[in-house]
Amino acid sequence: MYKVTIANINNRELFYEENTPLEVILNDVRNELPYPVYVAKLDNAYRALTHTLTHDSVIEFLDVRSQEAWLVYQNSLILLFIKSVHDILGKKVLVTVKNSLNKGLFLTMTHKADQETLDQIKAHMRELVEKDIPINKEHLSKNAAMKLAKELKQEETYKLLDSITNIDDIEIYSLEDEVQIFYNFLVPSTGYLQFFELNSYRNGLILRFPHQKNPLEIAPYEEQELLYDAFREATRWGQLMNVNFVCDLNEKIIDGSISDLFLLQEALHEKKISDIADSIKERGSRIVLICGPSSSGKTTFAKRLCIQLGVNGFKTLYMGTDDYYKEFHERVYDEFGEVDLESINAIDTDLFMQQMQDLLDGKEVDLPTYDFSIPGKVYGKRITRLEKNQLVVIEGIHAMNEKLTENIDAKDKFKIYISPFTPISIDHHNRISTTDARLLRRIVRDYKFRDRSAEGTFQSWPKVRASEDANIFPYNSQADVFFNSNCIYELAVIKKYAEPLLKRIKRSQPEYGEAQRMLNFLKYFDLVYDDNDIVNNSIVREFIGGSVIIK
């Protein structure tokens, strides 16, 4: 008998025979857990619920509030969808998972589905869930997996497996006669996939499921036209660079043409920034507000935009909202009793709005500088007034929140939302998470410039994500334009910096599971050893170093 300690049920101790599946243990404690579970953390390593017990273990059962469980649910739902499509329309129909959209995934098919067909697919998915059909996992050798990819006519998967040397076996999953390669765990059976919506959208479909904030409900539908357009532009950029999948990127690294890709990517970024500067001039806006989630490259983008505005004849006053934190005696606290530096309530919005209006009115203003060592605002260091043809460029997490600028005329404001929208995928149904790409950026930057370990970044990430969900994402629809800060080659570059940091995390540390998940994800990218050809004003330089903009 082996002792099992359930970490998220007050470290309860239970005893089981060798080779007991984790799913059996879950069934014994399921009623004591708040939400449905889709994967487990066993001795700090992620394990599928089909994994069997081989020693005394500490287990934490994970629901979709965990990034790993959220991805497991998504991948399992994708397999269910592909199976249903092939049962209804035939195996020749190719399903492609494009990107995240509206608390779900935007998908396309090579067969145009009318409403009747869509209803049939949805009904069949529900039927498969009700039958609770097992999802079986099998390990194949690399050669056998390549043969399967060829049989499935998945050229990008074949090319990817052919290009990498550090993989011995591949996991494939089958749902009855549907066999697909996935690079992460799946749930044990279709009965786990109770929550989903499927709706037509533009030239494809949106497969929606619970968000991490509410594991039991699907969020109300909200139109996200700007986000859809941003991803469509990202796809077009990928096509221009002839990089649609990871295998395409690997080929450019192997054949030595990656330097050309560096230059083409930067040309696309520079053109987009120039276009945005032109739009600001045409509208006659006087305040530019820049917002985006963590590690989007906001600082580099903002300063490059200031340069382009200069080309258009404008001077700029660049500033952030952090200098407007409330004084010590006015501080607000979050639900955990800690000082709140994330919500709009932490900002002295009255002072901010008054000073912005005074600047627009041509008055002299004493802009504060926030000194965290006091803590409090310091005055007298930045007394200024706007010159002729001078714009205010503001970067901050609340830049889209109308509470920050509600007294300023809408015609004077130009709002920009920035995020790295990843245009490439591993293959047609294994996508690259934009959130994971941002996390890798942050891990590298935190270590290089903030003397912070990867463990520290992992520990703070849930709080960062919660702040984004509360303070950034709800307002992105108010943007006038979206800027995609992704560099299509960046994960192959960041890999060199991130892998050593992730490998330092030991099995005994709680962050081990996330580190291994990231390492597993990165192994499909060939490494760019020499990144000297990346220009020194690139957004990637904000994270790996060598930026002429951020010193």
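Before reading on, note that the structure itself is shown above.
Looking only at helices and strands, the chain has 16 helices and 19 strands in total. Against the compact-globule benchmark of 24 Å for 551 residues, the chain has a radius of gyration of 25 Å, which places it among compact chains. Over its C-alpha atoms, taken along the principal directions, the chain stretches across nearly 75 × 50 × 50 Å. Burial status across the chain gives 58% buried among its 551 residues. For the chain, contacts bridging at least 24 residues in sequence account for 73% of all contacts bridging at least 6. Approximately 23,600 Å² of the chain is accessible, and the part contributed by carbon and sulfur atoms is 47%.

This paragraph deals with helix H10 (residues 349–360). Because an α-helix completes one turn every 3.6 residues, residues spaced three or four positions apart along the sequence face the same direction. The terminal C-alpha atoms of H10, which comprises 12 residues, lie 16 Å apart, in line with the 16 Å expected from a rise of 1.5 Å per residue. Of the surrounding secondary structure, the elements contacted by the buried residues of H10 are strand E13 (287–291), strand E14 (315–320), strand E15 (365–371), strand E16 (376–384), strand E17 (390–395) and helix H11 (402–405).

With 60 residues, the main nonpolar core has Phe61 and Phe81 as its most contacted residues. The element contributing the most residues to this core is helix H2 (residues 67–89), with 11 residues. Ignoring any residue separated from it by four or fewer positions in sequence, one finds Phe61 in contact with Ile6, Asn8, Leu22, Ile25, Leu26, Val29, Leu33, Val37, Val39, Ala40 and Leu49. Ranked by size, the runner-up nonpolar core spans 59 residues in total, among them Ala492, Val493, Ala498 and Tyr524.

With that settled, consider the pattern of salt bridges. Where charged atoms of side chains with opposite charge meet at close range, the side chains can pair. Considering all chains together, one arrives at 40 salt bridges under this definition. Among the salt bridges present, the one from Arg208 reaches Glu197, with a minimum N-O distance of 2.9 Å. Here the residue Arg208 occupies a position in strand E12 (residues 204–208), and Glu197 occupies one in strand E11 (residues 197–201), the gap between them amounting to 11 residues. When its relative accessible area of 31% is taken as the criterion, Glu197 is described as partly exposed. Residue Glu225 pairs with Arg202 through a salt bridge whose shortest N-O separation is 3.8 Å. Placement of the pair is Glu225 in helix H6 (residues 225–240) and Arg202 in the loop between E11 and E12, with a sequence separation of 23 residues. We classify Glu225 as partly exposed; its relative accessible area is 45%. One salt-bridge network, in which partners are shared between bridges, spans Lys83, Asp87, Lys91, Glu176, Asp177 and Glu178.

Time to look at the pairing of strand E7 (residues 104–109). With 6 of its 6 residues buried, E7 lies for the most part within the structure. With 5 bridges joining them, strand E6 (residues 95–100) and E7 adopt antiparallel strand pairing. Its bridge partner being in E7, Val95 is matched across the sheet by Met109. What sits between E6 and E7 in their antiparallel hairpin is a turn of 3 residues, with Asn102 showing a positive phi close to 55°.

What follows concerns the packing of aromatic side chains. By the definition in use, this model includes 17 aromatic pairs. An angle of 65° between the planes, with centres 4.8 Å apart, marks the rings of Tyr38 and Tyr73 as edge-to-face. One end of the pair, Tyr38, is in the loop between helix H1 (22–29) and strand E3 (39–42); the other, Tyr73, is in helix H2, with 35 residues separating them in the sequence. The burial state of Tyr38 is the same as that of Tyr73; both residues are buried. Look at Trp70 and Phe209: their rings are 6.3 Å apart centre to centre, the planes differ by 75°, and that puts the pair in the edge-to-face class.

Overall, mixed pairing links the 5 strands, which are arranged E2-E1-E5-E3-E4 in an open sheet. Across the chains shown, the open sheet's two edge strands, defined by having one partner strand only, are strand E2 (12–16) and strand E4 (45–47). Pairwise comparison of adjacent strand axes, ignoring direction, gives a mean angle of 35° for this sheet. As defined by bridge partners, strand E1 (residues 2–6) adjoins strand E5 (residues 57–62) across 3 bridges and the pair is classed as parallel. In the strand pairing of E5, Ile6 is matched with Ile59.

On to the environment of Pro134. Note that Pro134 resides in the loop between helix H3 (115–131) and strand E8 (136–141). Along the backbone, Pro134 and Phe185 are 51 residues apart, and their C-alpha atoms lie at a distance of 14 Å. Pro134 has contacts with Ser174, Leu175, Pro188 and Ser189, leaving out every residue within four places of it along the chain.

This part takes up the packing of helix H12 (residues 434–450) against helix H13 (residues 454–471). Close contact between H12 and H13 brings their axes to 10 Å; oriented N to C, the two are set at 135°. By the angle between their axes, H12 is oblique relative to H13. H12 and H13 meet at a crossing whose hand is right-handed. Facing H12, whose interface residues are Thr435, Arg438, Leu439, Arg442, Ile443 and Asp446, H13 presents Ala454, Thr457, Phe458, Ser460, Trp461, Val464, Arg465 and Glu468. When its residues are assigned to classes, the contact of H12 with H13 shows 6 nonpolar, 3 polar and 5 charged.

The next subject is the sheet that holds strand E9 (residues 169–175). In spatial order, the strands read E8-E9-E10; together these 3 strands make up an open sheet with antiparallel pairing. Since the sheet does not close on itself, it has two edges, and those belong to E8 and strand E10 (178–181), each with one partner. Recorded for the sheet is a direction-independent mean angle of 30° between the axes of neighbouring strands. Each of E9 and E10 is contacted by H2, which is oriented at about 140° to E10, the strand it contacts most.

Inspection of the secondary structure assignment puts Arg126 in helix H3. On the basis of relative accessibility, which here comes to 37%, the residue Arg126 falls in the partly exposed class. Along the sequence, Arg126 and Phe196 sit 70 residues apart, while their C-alpha atoms lie 9.3 Å from each other. The contact partners of Arg126, leaving out residues within four places of it in the chain, are Gln194 and Phe196. Engagement of the side chain of Arg126 in a polar contact is seen with the backbone oxygen of Gln194, the distance being 3.2 Å.

Turning our attention to helix H14 (residues 490–503). Compared with an ideal rise of 1.5 Å per residue, which puts 14 residues at 20 Å, H14 spans 20 Å between its outermost C-alpha atoms and is within 8% of the ideal. Where H14 bends most, at Lys496, the angle is about 45°, and the proline Pro500 comes one to four residues later. For H14, the buried fraction is high: 10 of the 14 residues fall into the buried class. Along H14, the positions that sit buried rather than exposed are Glu490, Leu491, Ala492, Val493, Ile494, Lys495, Ala498, Glu499, Leu501 and Leu502. In this fold, the buried residues of H14 make contact with helix H7 (246–254), helix H8 (258–283), H12, H13, helix H15 (512–522) and helix H16 (541–544).

Calculation notes
- Residues numbered from 1 in each chain as written.
- Predicted model: local features only at pLDDT ≥ 70, side-chain atom pairs only at ≥ 80, totals over all residues.
- Heavy atoms only, no water.
- Helix = DSSP H or I, 4+ residues; strand = E, 2+ residues; numbered from the N terminus.
- Rg over C-alpha atoms; globule rule 2.2 N^0.38 Å.
- Buried < 20%, exposed > 50% of the residue type's maximum accessible area, 1.4 Å probe, protein only.
- Contact = heavy atoms within 4.5 Å.
- Areas by Shrake-Rupley, 256 points an atom, 1.4 Å probe, with all protein chains shown as cover.
- Expected span 1.5 Å × (residues − 1).
- Core = buried A, V, L, I, M, F, W, Y, C linked by side-chain atoms within 4.5 Å.
- Salt bridge = Lys/Arg side-chain N within 4 Å of Asp/Glu carboxyl O.
- Pairing = 2+ DSSP bridges.
- Phe/Tyr/Trp six-rings, centres within 6.5 Å; stacked < 30°, edge-to-face > 60°.
- Axes fitted to C-alpha atoms, helices over the stretch in contact; angles between N-to-C directions.
- Parallel < 35°, antiparallel > 145°, perpendicular 65-115°, else oblique.
- Left-handed = near helix turned anticlockwise from the far one by under 90°.
- Nonpolar A, V, L, I, M, F, W, Y, C, P; charged D, E, K, R; others polar.
- Polar contact = N/O pair within 3.5 Å; in protein donor to acceptor, adjacent residues only side chain to side chain.
- Bend = angle between axes of the 7 residues up to and from the residue.

Note that every value here comes from positions in space, so none of it alone points to a role or purpose.
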